[in-house]
Amino acid sequence: MNTCIAFIGGGNMASAIIGGLLKAGHAAADLLVVEPFEAQRARLAADFGLQPLAAADASLQRAGLVLWAVKPQLFTEASLPCRPHVQQALQLSVMAGIRSEGLVAATAAQRVVRAMPNTPALIGQGIAGLYARPEVTAADRALVEQVLRPTGTTLWVEREADLDAVTALSGSGPAYFFYIVEAMMAAAIEMGLSAEQGRQLALATCAGAAALALQSDESPATLRERVTSKGGTTYAALSSLQADGVGAAVQRAVLAAQQRARELGDEFGN
Ligand SMILES: NC(=O)C1=CN([C@@H]2O[C@H](COP(=O)(O)OP(=O)(O)OC[C@H]3O[C@@H](n4cnc5c(N)ncnc54)[C@H](OP(=O)(O)O)[C@@H]3O)[C@@H](O)[C@H]2O)C=CC1
Ligand SMILES: O=C(O)[C@@H]1CCC=N1
């Protein structure tokens, strides 16, 4: 891929994608980054050998793809100085909640793809939901897939509103998982294991369970039943989870994230 890519915002998500692109052989000279925060520019220079710009300038016109990775709250401010330079490029946004109409309005570009990645992208094991506006070509879609491939897998959705569900499920999802692991670790300590033993046992169990579910033809419900001996320990734990309404609470939590994604869209996304 010899497209020049400009990143607007060089934080966590941008760094995950930049790291993947460089590993996949993309030339550093064909990566531009606009990053106003000096310490972050220094980090990008040290980690990737890049020379980020402190502010947008005409060099952005080299970019065939502009990747938006600032916080949604800062999008309007970040887009103003970029607007004169990016109209011809394909726009790829990873910002939660900024709708594609808002991207068209702010950049005056027509070809806009929204992506919702997640933090396992940092180790190439992310999953990103993707939505393309009708003006986006098949070649544009292929380029987006190529850019995100080093960060993990991708999944296209047909309706833009579905990205709010993707955000709630897989975008924020790693945090739900860490929350459960934290609770398992706290229980380990309560039962007299060390924090490190608890961490190892909880994480290896979760990683193994996820790998098993991914490889198996059986549903997660069937796999759960296989762990659960009649009158045994798992049954005791699952009964406690059920009595505490944990399943319903998780569903409500995911819907709360979807609602927040919609609100961000209403606030910032046009
Ligand atoms: N973290 C996650 O799990 C996920 C995040 N996202 C989305 O990715 C986007 C980035 O998130 P994340 O990487 O975590 O955030 P970060 O805060 O790490 O990165 C954003 C970067 O943009 C910089 N920035 C601020 N203002 C401007 C500007 N005017 N022009 C250019 N750059 C600017 C920030 O600098 P400074 O620090 O000085 O403000 C910061 O370095 C968000 O929109 C988020 O919704 C999507 C999926 C998952
Ligand atoms: O919390 C957030 O808003 C972002 C979007 C998905 C993950 N982090």
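Residues numbered from 1 in each chain as written. Chains lettered and ligands numbered in written order. Predicted model: local features only at pLDDT ≥ 70, side-chain atom pairs only at ≥ 80, totals over all residues.

Asker: Looking at this structure, how should I read the site of ligand 1?
Answerer: Around ligand 1, 27 residues are found, and the nearest of them are Gly9, Gly11, Phe37, Ala78 and Ala96. Contributing elements (two or more residues each) for the shell around ligand 1: helix 1 (12–23) and helix 3 (75–86). The element contributing the most residues to the shell around ligand 1 is helix 1, with three residues. Partitioned by chemical class, the residues of the shell around ligand 1 number 16 nonpolar, eight polar and three charged. (Near = placed C-beta within 6 Å. Helix = DSSP H or I, 4+ residues; strand = E, 2+ residues; numbered from the N terminus. Nonpolar A, V, L, I, M, F, W, Y, C, P; charged D, E, K, R; others polar.)

Asker: How should I be thinking about the nonpolar core in this particular structure?
Answerer: What tends to happen in soluble globular proteins is that the nonpolar side chains get buried as a cluster. By size, the foremost hydrophobic cluster in this structure holds 59 residues, and its most contacted members are Phe7, Ile8, Leu65, Leu67 and Val113. The greatest single-element share of this core, amounting to six residues, is contributed by helix 1. Setting aside residues no more than four positions away along its own chain, Ile8 makes contact with Val34, Val66, Trp68, Ala69, Val70, Ala78 and Cys82. (Core = buried A, V, L, I, M, F, W, Y, C linked by C-beta atoms within 7 Å. Buried ≥ 20, exposed ≤ 12 C-beta atoms within 10 Å, placed from the backbone. Contact = placed C-beta atoms within 7 Å.)

Asker: Would you take a moment to explain the environment of Ile8 for this structure?
Answerer: If you trace the backbone, Ile8 turns up in strand 1 (residues 5–8). By the C-beta count within 10 Å, which is 29 here, Ile8 ends up buried. Sequence separation between Ile8 and Trp68 is 60 residues; the distance between their C-alpha atoms is 5.0 Å.

Asker: Hey, could you run me through the environment of Gln87 in this one?
Answerer: Assignment of secondary structure puts Gln87 in the loop between helix 3 and strand 4 (90–93). Sequence-wise, Gln87 and Ala249 are 162 residues apart; in three dimensions their C-alpha atoms are separated by 44 Å. Once you skip the residues sitting within four places of it in the chain, Gln87 turns out to touch Thr107, Ala108 and Ala109.

The values are spatial; any link to function lies outside them.
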